[in-house]
Structure formats: structure tokens, C-alpha cells
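So the chains spell out like this:
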Amino acid sequence: MREFVKAHPDTPGGLVGFPTIGEFVASLKLPRKIIILVQAGPATDAVVEQLTPHLDEGDIIIDGGNAKWTDTIRRERDLKNSGLRFVGSGVSGGEVGARFGPSLMPGGDPEAWEHLQPIWQAIAAKVDPDTGRPLEGAKPGKPVRGGFPCSAYIGPNGAGHYVKMIHNGIEYGDMQMICEAYLLMKNLLGMEASAIGMVFQDWNRGRLDSFLIEITADILQQADPITGQAFVDIVLDTAGQKGTGKWTSVNALDMGVPAPTIAEAVFARCLSAIKEERVAASGMLKGPQAKFDGDADSFIQALNDALYCSKICSYAQGFQLMREAQKEYDWDLNFGEIAQIWRGGCIIRARFLQKITEACSWDPDLANLLLDPYFLQEIESAQVNWRKVVSAAFAHGIPVPTFASALSYFDGYREARLPANLLQAQRDFFGAHSYERVDQPRGKFYHLDWPDPDRPQCQV
Ligand code: 6PG
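Residues numbered from 1 in each chain as written. Predicted model: local features only at pLDDT ≥ 70, side-chain atom pairs only at ≥ 80, totals over all residues. Heavy atoms only, no water.

Describing the nonpolar core
Then, number 1: If you look at the biggest cluster of nonpolar residues, it comprises 91 residues, and the most contacted ones within it are F200, W203, W342 and F403.
Then, number 2: Residue contributions to this core peak at 16 residues, all from helix α14 (residues 296-329).
Then, number 3: Looking at which domains feed residues into this core, each of domain 1 (2-157) and domain 2 (162-413) gives three or more.
Then, number 4: In contact with F403, not counting residues within four places along its chain, are M177, E180, A181, L184, L303, A306, L307, S310, W386, V389 and V390.
Then, number 5: Judged by nonpolar contacts, the second largest core, of eleven residues, contains V25, I34, I61 and L79. (Core = buried A, V, L, I, M, F, W, Y, C linked by side-chain atoms within 4.5 Å. Buried < 20%, exposed > 50% of the residue type's maximum accessible area, 1.4 Å probe, protein only. Helix = DSSP H or I, 4+ residues; strand = E, 2+ residues; numbered from the N terminus. Domains from an automatic or database assignment. Contact = heavy atoms within 4.5 Å.)

Observations concerning unusual backbone geometry
Then, number 1: A cis amide bond, omega -15°, links L30 with the succeeding residue P31.
Then, number 2: By the element assignment, P31 lies in the loop between α2 (21-26) and β1 (33-36).
Then, number 3: With a phi close to 60°, D330 is a non-glycine residue in the positive phi region.
Then, number 4: Looking at the secondary structure, you find D330 in the loop between α14 and α15 (335-341).
Then, number 5: The phi dihedral of S434 falls on the positive side, at around 75°, and the residue is not glycine.
Then, number 6: Assignment of secondary structure puts S434 in the segment after α19 (420-431).

Observations concerning the site of the ligand
Then, number 1: Surrounding the ligand, one finds 13 residues, the nearest of these being N66, S92, K164, E171 and Y172.
Then, number 2: Backbone polar atom of G93 to an oxygen atom of the ligand: 3.0 Å apart, as the coordinates give it.
Then, number 3: E171 places a polar side-chain atom, nitrogen or oxygen, 2.6 Å from an oxygen atom of the ligand.
Then, number 4: For the ligand, whose unbound accessible area comes to 420 Å², protein coverage reaches 78%. (Near = heavy atom within 4 Å. Polar contact = N/O pair within 3.5 Å; in protein donor to acceptor, adjacent residues only side chain to side chain. Areas by Shrake-Rupley, 256 points an atom, 1.4 Å probe, with all protein chains shown as cover.)

Some details on the environment of L285
Then, number 1: Looking at the secondary structure, you find L285 in the loop between α13 (275-282) and α14.
Then, number 2: Overall, the relative accessible area of 65% leaves L285 in the exposed class.
Then, number 3: A C-alpha to C-alpha distance of 46 Å links L285 and C360, two positions 75 residues apart in sequence.

Let's talk about the packing of aromatic side chains
Then, number 1: Using the criterion set out here, one finds 18 aromatic pairs in the structure.
Then, number 2: Ring geometry for F200 versus W203: centroids 5.2 Å apart, planes at 75°, classification edge-to-face. One end of the pair is F200 and the other is W203, both in helix α8 (residues 193-203) and three residues apart, which spans about a single turn. Comparing F200 with W203, the two get one shared label, buried.
Then, number 3: Where F319 meets W342, the ring centres are 6.0 Å apart and the plane angle is 70°; that geometry is what we call edge-to-face. Here W342 lies in the loop between α15 and α16 (352-362) and F319 lies in helix α14, a separation of 23 residues in the sequence. Each of the two residues, F319 as well as W342, counts as buried.
Then, number 4: Grouping aromatic residues by their ring pairs yields a cluster made of Y308, Y315, F352, Y374 and F375. (Phe/Tyr/Trp six-rings, centres within 6.5 Å; stacked < 30°, edge-to-face > 60°.)

Some words on the domain arrangement of the chain
Then, number 1: Assigned domains of the chain: these are domain 1 (2-157), domain 2 (162-413) and domain 3 (421-459).
Then, number 2: Spacing between the C-alpha centres of domain 2 and domain 3 amounts to 40 Å.

Re the sheet that holds β1
Then, number 1: Reading across from one edge, β1-β2-β3-β4 is the order of the four strands in this open sheet, with mixed pairing throughout. At either end of the open sheet lies a strand with only one pairing partner, and these are β1 and β4 (103-108). Along the sheet, successive strands turn relative to each other by an average axial angle of 25°, direction set aside.
Then, number 2: Direction of pairing for β1 relative to strand β2 (residues 60-63): parallel, over a ladder of four bridges. The residue of β2 that forms the bridge with I35 is I62.
Then, number 3: Lying over the sheet, helix α4 (residues 69-81) contacts β2, β3 (85-92) and β4, oriented at roughly 155° with respect to β3.
Then, number 4: Of the strands in this sheet, β1, β2, β3 and β4 are in contact with helix α6 (residues 110-123), which crosses β3 at around 30°. (Pairing = 2+ DSSP bridges. Axes fitted to C-alpha atoms, helices over the stretch in contact; angles between N-to-C directions.)

Regarding the pairing of β4
Then, number 1: With six of its six residues buried, β4 lies for the most part within the structure.
Then, number 2: Burial of the side chains of β4 extends over both faces: S103, M105 and G107 are buried on one face and L104, P106 and G108 on the other.
Then, number 3: Across six bridges, β3 lies against β4 in antiparallel orientation. If you follow V87 over to β4, its bridge partner there is G108.

Some thoughts on the layout of surface pockets
Then, number 1: The computed volume of the second largest pocket comes to approximately 550 Å³.
Then, number 2: Contributing to the lining of the second largest pocket are 26 residues, with P134, L135, E136, G345 and R349 lying nearest its centre.
Then, number 3: At the level of elements, α5 (94-100) and α9 (211-220) are the ones that each hand at least two residues to the lining of the second largest pocket.
Then, number 4: When residues in the lining of the second largest pocket are grouped by element, the largest group, three residues, is from α5.
Then, number 5: In terms of residue class, the lining of the second largest pocket is made up of ten nonpolar, eight polar and eight charged.
Then, number 6: Formed jointly, the lining of the second largest pocket draws a minimum of three residues from each of two domains, domain 1 (2-157) and domain 2 (162-413). (1 Å grid on protein atoms, 1.4 Å probe; cavity = no way out; pocket = protein on both sides within 12 Å on 5 of 7 lines; lining within 4 Å. Points joined across faces, edges and corners; volume = space filled by probe spheres on them. Nonpolar A, V, L, I, M, F, W, Y, C, P; charged D, E, K, R; others polar.)

Section: the environment of P451
Then, number 1: By the secondary structure assignment, P451 is in the segment after α19.
Then, number 2: For the pair formed by P451 and D439, sequence separation is twelve residues and the distance between their alpha carbons is 23 Å.

Structural notes on helix α11 (residues 244-255)
Along an α-helix, residues three or four apart share an orientation, since each turn contains 3.6 residues.
Then, number 1: With twelve residues, α11 should reach 16 Å at 1.5 Å per residue; the first-to-last C-alpha distance of 16 Å fits that figure.
Then, number 2: Along α11, the residues classified as buried are T244, G245, W247, T248, S249, N251, A252 and M255.
Then, number 3: Buried positions along α11 lie against α4, α7 (159-188), α12 (260-273) and α14.
Then, number 4: Where α11 terminates, the next one or two residues include G256, which has phi positive at roughly 70°. (Expected span 1.5 Å × (residues − 1).)

Rendered as C-alpha cells:
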């Protein structure tokens, strides 16, 4: 600790170290506000346990890790019973966010938030309140003054960490969609990494303008310092994950909310991880051999449309999850504000989020983002291209799990009569699970006395 403090004499505001937790806690003003940022899980419990014997009633512990929201609910309840206050705050923005202003999603005791608010709003990234554009110019230790802070009280107990988890589920979707667009340009159009990077650079000037598109353009134009090759070509194609995308998908299944695009993004990482199996299979399982014979420029435009439409569906799924979770946990989430605090500082920051902010502000009870007039119009004009891209990918054997699942989600959502009528009949046939009738009110269940399939002679 002493060596670390000594090695960083120029840290803005000064860096102070303490040899023991007791001395650290004793140095703070009441009510104490202690922020912990450790690996989510048992380490968080361990630090909380170390702290609590030294704390006084009303002190506040703030967990800024990527905690599972159910753990935050438990921690908040347990600490409340000991007279302490606990805030679980989502923190997004990576290293740049940490130095120049992150997006902060605090949840927990509302009175504790009052103490935390001035600090959280000062350090958060700022956006222009009218346009939602991020305000630049922050320096380490000197956040931007003015503007709308990318931090707002999300709700009680685990609400902040839940919203951060959804942010990450959406982040998984965004990243996988970008990877699918890259793969199509690489494998179908035969483009080099740097040329693909230029396309992303161009896309970043339009409606896809976002942090992830911007860094993708940079990554694709980066050379490997060792070989001089395109950097992306020397990176092994096995993706890691720490669990937030999986939690989002498991939670979607638990609540029965369709979020297939986010789940496909998680499964795409799982499939990438079985590298050796894929390499072996690649020599055995054959796909189509045909070369792409269309116009590359118009295909790139179609890809932009496919990415945009898929993104709308993925965000629609994330917002549906939050809508359902707020019923389950008795939260009152402000979706417009959530979209607004994601405009700056965080990994999914994007121009597009301003449109979601506007959609949620105009109609806070909007059943699905797809029904907002702006997004409805956007998909209407872009869907032909979206379908072209998915068809071309399938015809040429190129995997596009998030593009395709988003399209199926869109087609399923706009279908008044799905084939679940047949499914219900099957369930009733083999297990007497019962069915509802189209000519009777909802909620009345029937069973048909099915003829025995093993005794055809008994059929009437
Ligand atoms: C953020 C990120 C961050 C997350 C990384 C890695 O908002 O700053 O979401 O919290 O830890 O993106 O996540 P994976 O290892 O699961 O990809």
C-alpha cells in the first residue's frame, strides 16, 4: 500500500492509504460513504464483512461491482437489519469511464442516495440535455461541469444492479451483431480488416454512431506490433465472458420474457469457446460453396440496415425484461431516464439511445419499442435489406445468430396467429395439458378425449 501511494504522487486529489480497515474507516466523516469495487461474488461479501464491525448506524456501503441483483437485494436487507445502508450501483465505462466519467446506475436505500447523489452526479459522464450528445472535455479528477449527468436513482434494493445487468446483456448483443457484420464483409465480400474498418468508420458518422462501432473501426485498422499483420487476424477466436449476459438470459427464461437475440449473443460466445471441436468439425461438415455475385456496395448498405434493425430488436428485448422485472420486484423504473444515462460514459453509449429516450418519454407505457412510431418507420424502410442479409448469410453458410434471431423475433412479434395452436393440441394429446379455444373467453381450459394412437381401430 505504501509503495503504491508513493508511486502515484500526482493522482488528482491526492491518494491516501491506510494500513488497516479500522484506520481507514475511522478517517471518514459520518455518515461514512464507502465505495467498494472488487470482483462480484464472495469477494464483495468478504469486504462487507470486514467493514461492518467498524461502521456506525447510518453509514453507507456502495458496491460498484458487477454484482448479481439478487445478491444486492440480500446484502441490502441484511445490512438494513444491522442499521447500515447499502447501495448497489451499476458502473459502466471501462478504463476510460473510470478516468473521464462513467455511467452510474445506483439502486438501494433512497435516503442513502441523497448522500451519494452530489458525488455520483459530479463524477458521472455528462450529456447535452436536449440532444443527448456526450459532453467532452473531462480530465482525470476534473469532471465536466453542467450537462445532464449520466447517473440517476434507479430504484430500491437490487434495481441498479439489475439495470446494469440488462445494459451488459444489450452490450453482448451489440458486440455480436458487429461481429456478424464483420464476418459477412470478411467471408462473403472477401474484404481485408482495414477496409472493413473504414466501413465502420463511415457507419459511425450516421445513425449507428456509437462507442462500440467507433472502437471496432479502430481495432480493425490496428496492426499487430509483432507480425505487422492486421491485429484482429492474430487474435484467437474464442470469446470469454464473466456472466452478466448469461444472467440476463437465465432471467429472461425465468420470467418467460422472449429475449432470444441477447441469449444468442451469449451462445455465440459459448460456440466460439469450443475451438478444438469446431476445427475438427470444419474438416467434416460441408456447407454451400457458391461465391457472392451481388453488388458489394449495396450489400454493405444492406448490412447497415440489418445491424440497425437487429439492434432495435435487441434493445426492445432488454427493455421488455426491465418492464417485467419491475413488476416482479415492485420497482418503478423510469425507462426514458435509463436510456438517457446510457447516452454517455457507458459501453453501449450511442446516438440511437436518444431515440429510445424520446420514445419512452412520449409514451412511458409503450408496450414494446417496436411499436414506437420512429422505430416502426425505421424497420419498415430497412427490413427488405435486413431480410436480404439474413438470406444471403444462410445461402452462403455464414452464421448470423443475432441478425437471424432478431428477425425471427420481429416476425414472431408481428404475427397475430402463431403455430402455438398446434403445439397446445400436441400437449393436450400426449399429456392432457389442456388448451384454450378461439371461440371462448381467455382463461377457460378444455381437454379433448383423444383417440388412443396405439389402437387405430378405436378411432372414430
Ligand atoms: C461496462 C462493462 C463491464 C464488463 C465488461 C466485460 O459496462 O463497463 O459491461 O462491466 O465487465 O464488458 O464483460 P464480459 O467479460 O462478460 O464480456
